[in-house]
Amino acid sequence: MTIPRTLVLWDIDHTLMNTAGAGRRAYADAFQLVASRPLEQVAEMAGRTDWAITVDTLRMHGIEASADLLQVFGDALARAFVTYESAVRENGHVLRGAREALEALAGRDDVVQSVLTGNMEPIAIGKLAAFDLGRFMDLRVGAFGMDHEDRAELVRLAQRRATDVYGQPFGRDNTVLVGDTRHDVQAGHLGGARVVAVATGASDRNTLLAAGAELVLNDLSDTPTVVQAILTPTNR
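A quick note: this is a predicted structure, and the numbers were derived from the prediction, not measured.

Caption draft 1: Local environment of the overall build of the protein. Tallying secondary structure elements over the protein gives 10 helices and seven strands in all. Relative to a compact globule of 236 residues, whose C-alpha radius of gyration would be 18 Å, the protein shows 17 Å and is just as compact. A buried classification covers 51% of the 236 residues belonging to the protein. Within the protein, contacts between residues separated by at least 24 positions form 65% of all contacts whose residues are at least 6 apart in sequence. Separation between the mean location of the 23 positive side-chain charges and that of the 31 negative ones in the protein comes to 2 Å.

Below is the structure:
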């Protein structure tokens, strides 16, 4: 008998961890390598995909992002981030309650956990590995920042991947996205997921509620409350 499961998709940055600015520094290094000049500014990063950030950052510098250039920049970004992985471990940290929430949900047969992140796959894996969080997730069914420019499409992609792996359809009734920005909220609703927001990033409670989050938590510190919030359906 197949156990009905809930697909829980976690954002990474400022939802599960703080990486002490490693991503921004990796962008500067990648831009220098690809464009042969210093990075002057980087596009808005919070809640956005590496695809979208890269395209906008290049355009800010007068460079149009062809498919080939996007691939080249993505490869450079992944290589650049490797140099910062030790700094992530040393200077970054897991946010309060995140590990405990992941562990509690990982112990349930009726939950599949993965990521829905703006980070490209190798960077996402590197960040999770820095704090040994990947072991709580099935990364086969995650969706990453170079899979698509539009974060809402990542929700649909993760659902399709989870359906292929687990033989169960995943849609709005059994998919939950956990994130910290209005972009996460919007992506969840457009992509077909319920959203539990956490006010641990740049967006405060009012911003997240105004964006349409069904529920906003101050943080992940109360594990039973987090688990209940994620697994309790709403009438939205």
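The discussion continues.
Caption draft 2: Molecular detail of the pairing of strand 4 (residues 111-115). Extensive coverage of strand 4 is indicated by the burial of five of its five residues. The side-chain alternation of strand 4 yields two buried faces, one formed by V111, Q113 and V115 and the other by V112 and S114. As paired strands, strand 1 (residues 6-10) and strand 4 are joined by five bridges and run parallel to one another. For W10, the partnering residue across the bridge sits in strand 4 and is V115.

Each value, and the rule that gives it
Residues numbered from 1 in each chain as written. Predicted model: local features only at pLDDT ≥ 70, side-chain atom pairs only at ≥ 80, totals over all residues. Heavy atoms only, no water. Helix = DSSP H or I, 4+ residues; strand = E, 2+ residues; numbered from the N terminus. Rg over C-alpha atoms; globule rule 2.2 N^0.38 Å. Buried < 20%, exposed > 50% of the residue type's maximum accessible area, 1.4 Å probe, protein only. Contact = heavy atoms within 4.5 Å. Lys, Arg positive; Asp, Glu negative; His and termini not counted. Charge placed at Lys NZ, Arg CZ, Asp CG, Glu CD. Pairing = 2+ DSSP bridges.

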